[in-house]
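# Residue-level structure breakdown
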Amino acid sequence: MIIVQLGVIIFLCQVLSCGFAEELPCTPGFDSESFVFKVRSDHLESGKRLGKIIFNACDGRSRSVFQSGNKRFAVRTDGSVRTKALVTLNEGQIKFNVHAWDSSGMKHTTSVRVECTAHHHTNTAVDVTQQIESSDDVVMEFPRSSAGLKRAKRGWVIPPLRESENTNGLFPQFLAQIRSDYAAETKVTYSITGEGADQPPVGLFICDKLTGSVYVTQPLDREKKASYKLIAHAVGEGGLKEKPMEIIIDVIDQNDNKPQFTQNPFNGNVPDAAPKDYEFMTVTATDADDPETDNAEIRYKIISQDPPSPNPNMFDINPVTGGIRVNSEGLNREKWSNYTLVIEAADMKGEGFKTIGRAVITVTDSNDNPPQFKQTEYTVSVPENQVGVEVANLTVTDGDEPGSPAWSTKYKIISGDEGGVFSVSTGPSQLEGIITTVKPLDFEVTKQFILSVIVENDHPFAGSLPTSTATVTKSETLQLHKKKMIIMRLGVIFLCQVFLCGLVELSSGFDPVVKVRSDRLPREKRLGRVTLNDGRSRAVFQSVDKRVRVECTAHHHEDHHMNTEVNITPQMKSFPDDLVVRFPRSSAGLKRVKRGWIIPPLQETENKRGPFPQFLAHIKSDYARETTLTYSITGEGADLPPVGLFTCDRRTGALYVTQPLDREKKASYKLITHAVGEGGLKERPMKIFIRVIDQNDNRPQFTQNSFNGNVPEAAPVDYEFMTVTATDADDPETDNAEVRYKIISQDPPSPNPDMFAINAVTGGIRVIGSGLDREKWPKYTLVIQAADMKGNGYTTSGKAVIIVTDSNDNPPQFEQETYTVSVPENQVGVEVAKLTVTDDDEPGSPAWSTKYKIISGDKLGVFNISTGPSQLEGIITTVKPLDYEKTKQYILSVIVENDDPFVGSLPTSTATVTVNVEDVNEPPVFNPKEKHIIKPEDVSYGSDLVAFTATDPDTERSQKLTYRIGSDPAGFLSVVEDTGMIKVKSLMDRESNKVIDGKYKAIILAVDNDEPARATGTGTLIIELEDVNDNAPYINEREIKICNQEAPPVLLSITDKDLHPNAGPFSVETQGDTMKNWTARMNDSATGIELMLKSTLEPGVYNVVLRVFDKQKLNQDSTIKATVCDCKGESVVCNETRAHGLLLSVVIKIICTIFGLLSISYLLVLFMRRQICFGQSIV
């Protein structure tokens, strides 16, 4: 019992739970937060189906519209994901988002990852929804050989992992995969520590603990940190533990920093007498990007000079050093004492980001005005024995700037004072020389001194200038002499002081082989010595790599010169352990299986400056420890075009690139590495992929130039009317190809300079200002700039030509608002009036051309109005005849509009047209116009058939109508002129050829008596003639041939012009002699006669007379000429005829002649009788 109750409870719970489950609402969304599609190759062809994603819209639909976040993949409405183009999984995988919208318009997003797979792993901590597989073709190691020497573990020697900064990819983004050999034997847990993992910046790099996949979680920034050092760990069950392994991740630079001037403004001085090419100051700018790339290679140029006098190119700048020098003569401090130069500094050797700075130049005075003595001769007397006495004060003038070294003076006695008795010094005013005694004078020894004194400025003369001369005389003349100054310039040479392990540029006389133990060298590390064997102990060296300094040192020991072997690649004693990306062999644990380092393809930046060849990576085989190996590479860039781009050192396995790469020519290369040892040892070939990392080396290009667009002058604000587009050949997955647009200028700048704006992303141009006016400014030209790097990189200019189209802002106006016209009645298609208008809009445009409408006064639709040929006229015509007797006047209201609707509320012009109907003499009108009557065809002569009359529509006129026969083809009819009575003029015959289908048609005329022009109306009389039996039947065949023996009956046809019942069925009788020899009977249908011989007749011609009766027994005899032939049966063959037939024919002719005469007599009598009757009817 308890079990039964428990079962009932469980059942109820299940029922209730099902009920509750059914009541749960449906939630739209994807079945999973992410989907992973596994492929066997990292090269996917176009149209390849990858898998299917599932989206439930909760609206019963089985299909939805999806949007792919990566334009190389398409998602169909059934959720299937396919490639749209050839796709290469450069890092073994690719990740993108897919969006879908439910019925309410809400957007849902899921993540899709495509991975190249080979081995299954369990779910990872990075992606909780799918499994990850590793691909053998990115394991950079030679697989284990099945034969040969005993193998030792081998590894793949690679440079540090390289990842571009500022990538736009979906994160986390796959970098590489680490793997331990233990993974083949036991479960291994992976982890990473170090910079960016558990040390700041924490969480930048993460590792899937189950698969060893290493990811970066956000974009890197080389300017914040250029390299990261991680430690990889692998721990297995049972205490197994790998020795930690170092992983270096170098951040590849992108041009994401503008140059920065070290100061702004720069200040400098230049003498106004400075010669051309005189360099007097330097501006400098720095760039935070990698100094080893063009991203930090700055070039300078002068943008403008203020003032531009005496010419706009007074100065020049060294584009590399920033040194500013004089470029033209004409500096003049007195006219232009200061200059301001606008300097541009641009990276990428002048093609990249730009920065603007200023250089303020002060023009200083030059000593171009020599001092002049005011007095050239002096005579003085001095008492003897006095010391310190002022002998003379020599004053001078100077045209240079007061107070400047070119203005202040100094003096010197150059002759006449051999005993040193006198001294000359500069006086307080700086423009005087004071001679004093410094020893007592002795009159008894020397009674007179003649002193020669020169004057100079503190600053040397600018060029060769004349020197002033003065004479001081006691009894003789003192001469002053000119002095020349010589200025010596000394030069100093400096050398760069940076070290780096690398290649040394080879030139004649050098032997550069430098051996080091590590590939990462500290600053100031001494590498070795290079020697130039030219007999000198010292020489000046210049390194082509600015990270290396070559010092000048004396060295006289020739035996210390280095190895003279010429080798294009540097020798290495051993490759550094920190570049062998592998876990070293453990000393304990399970039996080991080989392990490898799973990495993305090698990445190499395009456009590197060298020196070349440049080291990329190193391949190594385990056999190298046991025997000599020879390495080689094949594939793209090796032995296939472009041949020789990559080379491999056949002894060491070092891989080099020999010239700069260009991603736009080829974005990736696939190489095959080979290793062959002695004794037939041979490794299985291994693939290496080299991906070229994009640099911003392409400008955007407009898809056309110029772009043309039209905008209505009445367009509202934010009305978008055209789009400009530009493309960029750089990597579309980076900012290098991310183009932004902006408007540089607008011509004309009216009514304001910002009439238009451009969508920076899409290039759509829209109106942002009001005031467009086609009549004032019919066209605008915009200079558009397209710049990559989201607007901060290379720029390209293009034009957008905008035509302002006319909007209907000027309504058409009638030139005349009222019209009065007269139109005769009864006419259709007559032009009633032509209404002309004016319109100020653009001629020929839809806003100028017009259309018209009659809005009142034409209820019956009598009139029509259309646009005339000039497009500025409305033409009113009649489409129905006017009737004066019904309506004598029409008042029409007409409006005019343009083909385009009016812009805004504009008044509509209206014209009033008064139409007066003119009365005309209208023809009489028969009612009905076509009259039908039925009469028997044998109506007697003169009988009345019908009265066919007309009425005169001119009711206001008193007119008399008369009637006439207009058309009477058979002459059957006559008409009474006053009454319109139709009478029989001659016997009517239904069988006449003028009667068609039993109906006879006649035209009756009604004529009024208006003067001077009578009007005639017409009526049609149709008489349907009833048939009477007035035509006897007759035989159609008049001659026959028949055999006289066993001949079959001859069928004769019958015609009767009358209709039933006055025609068949017919009957026949033989007449006269015919009865003796011939038999005639009707066929089964009673429409034909069967004629046959009663007996055999002699051959000859016989006349057979047959009388044929219609149904009413009206009859007529028909004679048939029968030729009887001597033959048998149906085949009639006549040879000759008998003569007795001739007599019969003569008799027949006589009878016919008589019958003809009788017929003529009968017709004459009948004609006379009709003439008599016709005369009576007229009376």
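Residues numbered from 1 in each chain as written. Predicted model: local features only at pLDDT ≥ 70, side-chain atom pairs only at ≥ 80, totals over all residues. Heavy atoms only, no water.

## Some thoughts on the overall build of the protein chain
When you go through the protein chain residue by residue, the secondary structure sums to 5 helices and 78 strands. When burial is assessed residue by residue, the protein chain has 42% of its 1179 residues classed as buried. The contacts in the protein chain between residues at least 6 apart in sequence include a share of 67% that link residues at least 24 apart. Accessible surface for the protein chain amounts to roughly 61,800 Å². Of this, 52% is attributable to carbon and sulfur atoms. (Helix = DSSP H or I, 4+ residues; strand = E, 2+ residues; numbered from the N terminus. Buried < 20%, exposed > 50% of the residue type's maximum accessible area, 1.4 Å probe, protein only. Contact = heavy atoms within 4.5 Å. Areas by Shrake-Rupley, 256 points an atom, 1.4 Å probe, with all protein chains shown as cover.)

## Quick notes on the packing of aromatic side chains
By convention here, two paired aromatic rings are described through the distance between centres and the angle between planes. Per the stated rule, a full pass over the model turns up 21 aromatic pairs. Between K666 and the ring centre of Y669, over which it is positioned, the NZ or CZ distance is 5.6 Å. Seen from the ring of Y884, K888 lies directly overhead, with NZ or CZ sitting 4.9 Å from the centre. (Phe/Tyr/Trp six-rings, centres within 6.5 Å; stacked < 30°, edge-to-face > 60°. Lys NZ or Arg CZ within 6 Å of the ring centre and 35° of its normal.)

## Topic: the sheet that holds strand β23 (residues 279-282)
The strand order β23-β27-β26 describes an open sheet built from 3 strands, whose pairing is antiparallel. Whereas interior strands pair on both sides, the edge strands pair on one side only; in this sheet they are β23 and β26 (315-317). Strand-to-strand twist in this sheet, taken as the mean axis angle between neighbours without regard to direction, amounts to 25°. (Pairing = 2+ DSSP bridges. Axes fitted to C-alpha atoms, helices over the stretch in contact; angles between N-to-C directions.)

## Details of the state of the cysteines
As enumerated under the stated definition, the model contains 2 disulfides in all. Here C1043 pairs with C1127 through a disulfide, and the sulfurs are 1.9 Å apart. Judged by the sign of its S-S torsion, about -105°, the bond between C1043 and C1127 is left-handed. Remark: C1127 occurs in strand β78 (residues 1115-1128) and C1043 occurs in strand β72 (residues 1039-1045); sequence separation between them is 84 residues. Note on C1127: relative accessible area 9%, which makes it buried. Each disulfide pairs two cysteine sulfurs, and for C1125 the partner residue is C1134, the sulfurs being separated by 1.2 Å. (Disulfide = S-S within 2.5 Å.)

## Some remarks on the side chain of N696
By secondary structure assignment, the location of N696 is in the loop between β44 (686-693) and β45 (701-702). For N696, the residues in contact, after removing those within four places along its chain, are M348, D730, N736, D788, M789, G793 and Y794.

## As for the pairing of strand β2 (residues 34-39)
Within β2, 5 of the 6 residues are buried, leaving the element largely enclosed by the surrounding structure. Where β2 meets strand β11 (residues 107-116), 6 bridges bridge the pair, whose relative direction is parallel. Following the sheet pairing, F37 is matched in β11 by V114.

## Concerning a nonpolar patch on the surface
A cluster of nonpolar side chains, I1150, I1154 and L1158, forms an exposed patch at the surface whose accessible area comes to about 300 Å². Among the secondary structure elements, I1150 is positioned in helix α5 (residues 1140-1178). (Patch = residues over 30% accessible without salt bridge, like charges linked within 9 Å, V, L, I, M, F, W, Y side chains within 5 Å. Salt bridge = Lys/Arg side-chain N within 4 Å of Asp/Glu carboxyl O.)

## Some words on the side chain of R222
The residue R222 is located in the loop between β18 (213-216) and β19 (227-236) in this model. Among the polar contacts listed, one links the side chain of R222 to the backbone oxygen of A288, at a separation of 2.8 Å. (Polar contact = N/O pair within 3.5 Å; in protein donor to acceptor, adjacent residues only side chain to side chain.)

## What about the pairing of strand β28 (residues 338-346)?
As paired elements, strand β25 (residues 299-306) and β28 share 7 bridges and run antiparallel to each other. Following the sheet pairing, Q305 is matched in β28 by L341. Alignment of β28 against strand β29 (residues 354-364), held across 9 bridges, turns out to be antiparallel. For L341, the partnering residue across the bridge sits in β29 and is A359.

## Remarks on the nonpolar core
In terms of nonpolar packing, the biggest core is built from 27 residues, with L835, F863, I876, V894, V913 and V915 touching the most fellow members. Put simply, the parts of the chain that give this core at least two residues each are β55 (818-824), β56 (831-838), β57 (850-856), β58 (863-867), β60 (889-898) and β61 (910-918). Beyond its immediate chain neighbours, meaning those up to four positions away, V894 contacts F814, L835, Y852, K853, I854, I865, I876, S909, T910, A911 and V913. (Core = buried A, V, L, I, M, F, W, Y, C linked by side-chain atoms within 4.5 Å.)

## A short note on unusual backbone geometry
With omega at 5°, the peptide bond leading from N264 into P265 counts as cis. Among the structural elements, P265 can be located in the loop between β21 (260-261) and β22 (266-271). A cis geometry characterises the amide bond from G610 onward to P611, with omega recorded as 5°. Within the fold, P611 resides in the loop between β38 (602-605) and β39 (614-618). A positive phi is found at M348, a non-glycine position, where the angle reads about 55°. Within the secondary structure layout, M348 lies in helix α2 (residues 347-350).

## Describing the environment of K1001
Position of K1001 relative to the elements: it lies in strand β69 (residues 999-1007). Expressed as a C-alpha distance, the spacing of K1001 and S967, which sit 34 residues apart in the sequence, is 8.3 Å. Sequence-distant contacts of K1001, that is, excluding residues within four places in its chain, are made with P969, T1020, L1021 and I1022.

## Digging into the sheet that holds strand β73 (residues 1050-1055)
Across the sheet, which stays open at both edges, the 4 strands sit in the order β71-β73-β76-β75 with antiparallel pairing between neighbours. Because the sheet does not close on itself, it has two edges, and the strands there are β71 (1034-1035) and β75 (1078-1082). In terms of strand pairing, β71 meets β73 through 2 bridges, oriented antiparallel. In the sheet register, Y1034 faces β73, and the bridge partner there is T1055.

## A short note on the pattern of salt bridges
The tally for this structure, following the rule as stated, stands at 33 salt bridges. Across the salt bridge formed by R333 and D365, the nearest N and O atoms sit 3.7 Å from each other. Here the residue R333 occupies a position in the loop between β27 (323-326) and β28, and D365 occupies one in the loop between β29 and β30 (372-373), the gap between them amounting to 32 residues. One exposure class covers both R333 and D365, and it is buried.

## Quick word on the environment of F30
With respect to the helices, strands and loops of the structure, F30 is situated in strand β1 (residues 29-30). Placed 68 residues apart in sequence, F30 and V98 show a C-alpha to C-alpha distance of 9.9 Å. Those residues in contact with F30, other than ones at most four positions away along the chain, are F35, I53, I54, F55, F66, V98, H99, A100, H108, T109 and T110.

## Regarding the confidence of the model for the protein chain
For the protein chain, the mean per-residue pLDDT works out to 79, and 81% of the residues sit at or above 70. Scored below 50 in pLDDT, residues 474-512 shows 103 contacts in the model against residues more than four places distant or in partner chains. This stretch, residues 533-538, has a pLDDT under 50; its non-local contacts, to residues over four places away or in other chains, come to 9 contacts. (pLDDT = per-residue confidence, 0-100.)

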